[in-house]
Amino acid sequence: MPSVVPQTITELHPIELSPLPAQPLVSILVSNYNYGRFIADSIRSALDQTYSNFELIICDDGSTDDSVRIVEEYEPRDPRLRLIRKANGGQASGFNAAFAVSRGEIIALLDSDDIFLPHKVERIVAGFQANPDAGFGVHRIIRMSADLRRQGVWPMSDPLPSGWYGSDLLRNGGVLPYTPPTSGLSLRREVAERLFPLPLGEPLVSCPDQLLCRLAPLLTNVTREDEALSAYRLHGNNNYGPDRVTAESFKRQMVFSEALWGAQKRFLATIDRRLAEDLQPLSNNGYTAQITYLHARFSKDPDVRRHFDRFIASLTGPGARHVWFWKISIYMPLPVFDFCVNLLIRQSWLKQLVARLKRMS
């Protein structure tokens, strides 16, 4: 009798979404901790939107600076702004508290050091209305210095995700590439209600945006807006965009990736235990293979050759880039490797210009 090849037992399918009203209420959620030097800019950018039917809910997560005083100065000026306060519990806990009192059909996240462009909310509403089967929205973001000097766009030139990814995520270890940070994310309420409250254990409590990017596409289609609609401020304390990549930054990514994969597995088990069993290991994903190799190379891991071979094996298909460089990278002296990798990964002004011209063509 021929052997039976095991197949995926249960397929994922997008959840059904209810029709949106003509002017849906949008809940802009902010989780703030000690960003008093930035939060006034964030508040003004939200209140100055071209779309008016929104509520701005700011949860102060136990700040010890002047954050609360600044928010309280704005609160009487606009009834759409609401401040709630609680003891410090991490960024995800602040978003949990804000979501718990929100009422909007659409949820938009805003970091308290970031800025919405004036037409941001109008565009995400239009995007969800044009794609009624999509419950998770993404768009590009402008990278800004602490004093708001433009430093490029993220993702720079890679295509943002769009469509249904649930089954692909099961096969590739759960990684959805080229998703933006917090202020580039929005959700339909039916999706958010399946995800909130977000888990509060370390390190997930400090990366709620990455968690949403791993969980929401397991439930719903993704809609994208290629234009940048928010500005992401880089000032040394961010999860994204370090000045240089190092062994420590890659180790941090590895720890986050493992925690996010575990959260996906637990979430899938709440839908169907068999789905959790079908989620393939992180090692199936080329991104994971890359950061594991980079960490091994930067940290002088004696087992680096094994990680290199696994990474090179993952560089297959038409989407693979810089294959020639990666194949010779194992032979480079570490200072040369460090220089080349940072040149390849970081966003220089020249790379940003080329990417911008490509998007315009």
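Use the structure listed above.
Residues numbered from 1 in each chain as written. Predicted model: local features only at pLDDT ≥ 70, side-chain atom pairs only at ≥ 80, totals over all residues. Heavy atoms only, no water.

Things to note about unusual backbone geometry
Line of reasoning, step 1. The omega angle of the peptide bond from tryptophan 154 to proline 155 is -15°, so this bond is cis rather than trans.
Line of reasoning, step 2. Among the secondary structure elements, proline 155 is positioned in the loop between strand 7 (150–154) and helix 5 (166–171).
Line of reasoning, step 3. With an omega dihedral of 0°, the bond running from glutamate 202 to proline 203 counts as a cis peptide bond.
Line of reasoning, step 4. Along the polypeptide, proline 203 turns up in the loop between helix 6 (189–195) and helix 7 (208–215).
Line of reasoning, step 5. Although it is not a glycine, asparagine 34 sits at a positive phi angle of roughly 60°.
Line of reasoning, step 6. By the secondary structure assignment, asparagine 34 is in the loop between strand 1 (26–32) and helix 1 (39–47).
Line of reasoning, step 7. You can call asparagine 34 buried: its relative accessible area is 18%.
Line of reasoning, step 8. You will see that tyrosine 178, though not glycine, has its phi angle at about 65°, which is positive.
Line of reasoning, step 9. Relative to the helices and strands, tyrosine 178 resides in the loop between helix 5 and strand 8 (185–188). (Helix = DSSP H or I, 4+ residues; strand = E, 2+ residues; numbered from the N terminus. Buried < 20%, exposed > 50% of the residue type's maximum accessible area, 1.4 Å probe, protein only.)

Focus on the packing of aromatic side chains
Line of reasoning, step 1. Scanning the model with the defined rule gives 10 aromatic pairs in all.
Line of reasoning, step 2. Here the basic side chain of arginine 77 rests over the ring of tyrosine 74, its NZ or CZ set 4.5 Å away from the ring centre.
Line of reasoning, step 3. Just above the ring of phenylalanine 337 sits the side chain of arginine 297; from NZ or CZ to the centre is 4.7 Å. (Phe/Tyr/Trp six-rings, centres within 6.5 Å; stacked < 30°, edge-to-face > 60°. Lys NZ or Arg CZ within 6 Å of the ring centre and 35° of its normal.)

The quantities given are spatial measurements derived from coordinates; they are silent on function.
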